[in-house]
Amino acid sequence: MHTLEPLAHPPENEAELLAQAQRLAGLTLGELALRVGLTPPADLKRDKGWIGVLLELWLGASAGSKPEQDFAAIGIELKTIPIDSLGRPLETTFVCVAPLTGNTGVIWETSHVRHKLKRVLWIPVEGERAIPVAERRVGSPLLWSPDREEEEQLRRDWEELMDLIVLGQVERITARHGEVLQLRPKAANSKALTEAFGAHGEPILTLPRGFYLKKNFTAALLARHFMM
DNA sequence: ACTTGATCATGG
DNA sequence: CCATGATCAAGT
């Protein structure tokens, strides 16, 4: 039987998406790449988003750069997450860029972070560099929404970070701020600058920042799934 | 060993 | 430049 093929269209509901994701569990990236005519890179140094794009293809997400959820019609965001042999995340997870201007009156309830994380399809993928990319296996998917405690953690961190941004302290924020959500550079390089406000309200140029989920947060949500 | 800050590719 | 997809690798 060879009913294994990419979804040609965006999934119409969660069940269809989850079913397709479950079909991919256990397969290698090399197998998935071969079936869609892609060639796995030797490493990810110059192809950091390759796995994400490959899984998007298989799950019927529209590739490319759109400021929307991957499956906008059913309100789901796709995140591949590299894990070690024990199922623990190897990297933080990018959520979205942080707005450095125009933030007066912005609140958690309508924030991009909350919207992005409202419902996420997590797909763990073996990520240890000792494993050739083509041989890395896809894990079991997890369709997740933050529970009350997780949302409160996220909200607290988001509010702390946004307060600092609004107060013109963006350049004093380090990745150590926040328990589960951190703010770090998100740019092509250290020379790509964007506008923000300084401590005295004056315009400044600074690195674009992104919100990232710390590993303790994603490790916990994956572990909870793994045990059930 | 681990995290933080820096970086890579692509499309619009 | 900004958005998407993230991982790299120097420093602690």
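The structure under discussion appears in the preceding block.
Presented here is a report on the structure given in the accompanying data block. (Residues numbered from 1 in each chain as written. Chains lettered and ligands numbered in written order. Predicted model: local features only at pLDDT ≥ 70, side-chain atom pairs only at ≥ 80, totals over all residues. Heavy atoms only, no water.)

## So, the protein's contact with DNA strand C
And step 1. K48, K66, T80, K186 and T194 are the nearest of the 26 residues found near DNA strand C.
And step 2. Within the side chain of K48, one N or O atom sits 2.8 Å away from a base oxygen of DNA strand C.
And step 3. In this structure, a phosphate oxygen belonging to DNA strand C sits 2.5 Å away from a side-chain N or O atom of T80.
And step 4. Of all elements in the fold, only α3 (50-59), β1 (77-83) and β2 (93-97) reach the threshold of two or more residues within the surface near DNA strand C. (Near = heavy atom within 4 Å. Polar contact = N/O pair within 3.5 Å; in protein donor to acceptor, adjacent residues only side chain to side chain. Helix = DSSP H or I, 4+ residues; strand = E, 2+ residues; numbered from the N terminus.)

## A closer look at the protein's contact with DNA strand B
And step 1. Inspection of the region around DNA strand B gives 17 residues, with R46, K48, R184, A187 and S190 positioned closest.
And step 2. Restricting attention to atoms of DNA strand B within 4 Å of the protein, one finds that 54% of them are sugar or phosphate atoms.
And step 3. Measuring from a base oxygen of DNA strand B, one finds a backbone N or O atom of A187 at 3.3 Å.
And step 4. Between DNA strand B and the protein, one listed contact pairs a phosphate oxygen with a backbone N or O atom of S190 at 2.8 Å.
And step 5. Element by element, the count of residues in the surface near DNA strand B is highest for strand β5 (residues 181-185), at three residues.
And step 6. Residues of the surface near DNA strand B, tallied by class, amount to five nonpolar, five polar and seven charged. (Nonpolar A, V, L, I, M, F, W, Y, C, P; charged D, E, K, R; others polar.)

## Some words on the side chain of R209
And step 1. Looking at where R209 falls in the secondary structure, it is placed in strand β8 (residues 209-213).
And step 2. Within the structure, the side chain of R209 is placed 2.9 Å from the side chain of T206, a separation counted as a polar contact.
And step 3. What R209 contacts, discounting residues up to four positions off in sequence, is V97, A98, L100, V170, E171, L183, R184, P185 and K186. (Contact = heavy atoms within 4.5 Å.)

## A closer look at the pairing of β8
Taken residue by residue, a regular strand's side chains alternate between the two faces of the sheet.
And step 1. Buried residues dominate β8, accounting for five of its five residues.
And step 2. Burial of β8 is two-sided: the residues R209, F211 and L213 facing one way and the residues G210 and Y212 facing the other way are all buried.
And step 3. The pairing of β2 with β8 spans four bridges and is antiparallel. The residue bridging V97 from the neighbouring strand is G210, located in β8.
And step 4. Bridge count for β5 against β8 is five bridges, and the pairing is antiparallel. Note that in β8 the partner of L183 across the bridge is F211. (Buried < 20%, exposed > 50% of the residue type's maximum accessible area, 1.4 Å probe, protein only. Pairing = 2+ DSSP bridges.)

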